Amino acid sequence: MLLKNKKLLLGLIILIIIIIAFSFIISQQKRKIVSRTDTGCLGENEIVTYKIIKKEDKVSMADIIISDKKYNKEKYRFRIELPIPEHYHPLELHKCHVYAVRSFNYDYKIRKSLPDYRAEIWKYDYRGQGEGIVMIAKDPLGNLKDYKYFFSTDFRVDPQEKFIVLIRSYPQEEDYALIIKDLKTKEDVFTLLANSISQEYPNIVGVFDLLKWSDDSRYFWASISEGAYVNGYLRIDTQNWKTEIFQAPDGAMGGSDLNINTGYLTIQPGQIWTGFSDIEEELKEKYRKEGKKSSLYIYNLFTKEK
């Protein structure tokens, strides 16, 4: 009888231990879920990637995939619309949000906007909940007569998710400018007109190309180019909103690589760009036969040392 009671007691203790352990695991899982639900941000042990899903004659999608950082094992995913998946910069992934362009009321079969068409930049938290933050364009009647264009589809959000950089209007317009908005208030906090640059630097003309934010969100870099040729670089300081303008050296092209921390830039002087790949290949072959050579340099925008 005593042995039987001891076995029952031991079994009861084991059962209690199992229940406590199971409850602890469940509570930890709930704690993690509640944490993500509360903030919508990535957890410390999570990483995010994306996969574009292209669809013919339909709006394309992107799967946002959240994985365990240590084991690289997928934990969950959600899907967002991505109307221009072929864009060189289709979306941005940050600590608390995904940023992407989204359009409404557009017929992808006939490539035509419908009544109440609009395109916006949206942000999604990591619960998959999204909202529009910037209006890019709209066409209330869908007939192009009342079409209004505000910003290009290119944008950059800083690492701390304080600001978003946009390009306003068209290059030939007087109001063509680089704009920085406060992501909370949606107000413009900085405007740089292209005309104001060309007035002071006549050789620096062209279109804005958005480049990179510094890791601490203090500086933003952009360039101004004509075709493949880069004419100048600019750095905006968000602490005082001052802009530094750098004349691009000979050999700065769209494919040049800029280290925004050191100011070092790869250049290849004497490059020729025609806009036609066949002609460029013919020129390359001609130069090879003539024995012409090209050299790759590192140029420092701050010191102007090559």
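As a reminder, the structure under discussion sits directly above these lines.
What you see is a predicted model, and the numbers here were worked out from it, not measured in a lab.

Definitions and cut-offs
- Residues numbered from 1 in each chain as written.
- Predicted model: local features only at pLDDT ≥ 70, side-chain atom pairs only at ≥ 80, totals over all residues.
- Heavy atoms only, no water.
- Helix = DSSP H or I, 4+ residues; strand = E, 2+ residues; numbered from the N terminus.
- Buried < 20%, exposed > 50% of the residue type's maximum accessible area, 1.4 Å probe, protein only.
- Contact = heavy atoms within 4.5 Å.
- Areas by Shrake-Rupley, 256 points an atom, 1.4 Å probe, with all protein chains shown as cover.
- Phe/Tyr/Trp six-rings, centres within 6.5 Å; stacked < 30°, edge-to-face > 60°.
- Lys NZ or Arg CZ within 6 Å of the ring centre and 35° of its normal.
- Disulfide = S-S within 2.5 Å.
- Pairing = 2+ DSSP bridges.

Novice: Just checking my understanding: could you explain the overall build of the protein chain for this structure?
Specialist: Check the secondary structure of the protein chain and you find three helices and 18 strands. Taken over 306 residues, the protein chain has a buried fraction of 38%. Of all intrachain contacts in the protein chain linking residues separated by at least 6 positions in sequence, the fraction that spans at least 24 positions is 40%. Total accessible area on the protein chain is roughly 18,900 Å²; 54% of this is exposed by carbon and sulfur atoms.

Novice: Help me understand the packing of aromatic side chains in this model?
Specialist: In the structure shown here, the tally under the stated rule is 14 aromatic pairs. Clustering of aromatic rings is evident, with ring pairs tying together Phe 163, Phe 190, Trp 213, Phe 220 and Trp 241. We note Arg 102 situated over the ring of Trp 122; from NZ or CZ to the ring centre the distance is 4.4 Å. Against the face of Tyr 219 rests Arg 235, its NZ or CZ located 3.9 Å from the ring centre.

Novice: When you look at the state of the cysteines in this model, what are you seeing that I'm missing?
Specialist: Disulfides are covalent bonds that connect the sulfur atoms of two cysteines. Within the structure shown, the criterion is met by one disulfide. Two residues, Cys 41 and Cys 96, share a disulfide whose sulfurs are 1.9 Å apart. Taking the sign of the torsion about the S-S bond as the criterion, the disulfide between Cys 41 and Cys 96, at about 100°, is right-handed. With Cys 41 in the loop between α1 (2–39) and β1 (46–53) and Cys 96 in the loop between β4 (91–93) and β5 (98–107), this residue pair connects regions lying 55 residues apart in the sequence. Under the relative-accessibility criterion, Cys 96 is labelled buried at 19%.

Novice: Could you clarify how one ought to interpret the sheet that holds β4 in this entry?
Specialist: The strands that make up a sheet are held in pairs by hydrogen bonds between backbone atoms, and each pair lies either parallel or antiparallel. The strand order across the open sheet formed by five strands is β4-β5-β6-β7-β8, and the pairing between neighbours is antiparallel. Of all the strands in the sheet, just β4 and β8 (148–149) have a single pairing partner and so form its edges. For β4 and β5, the ladder comprises three bridges, and the chain directions are antiparallel. If you follow Glu 92 over to β5, its bridge partner there is Tyr 99.

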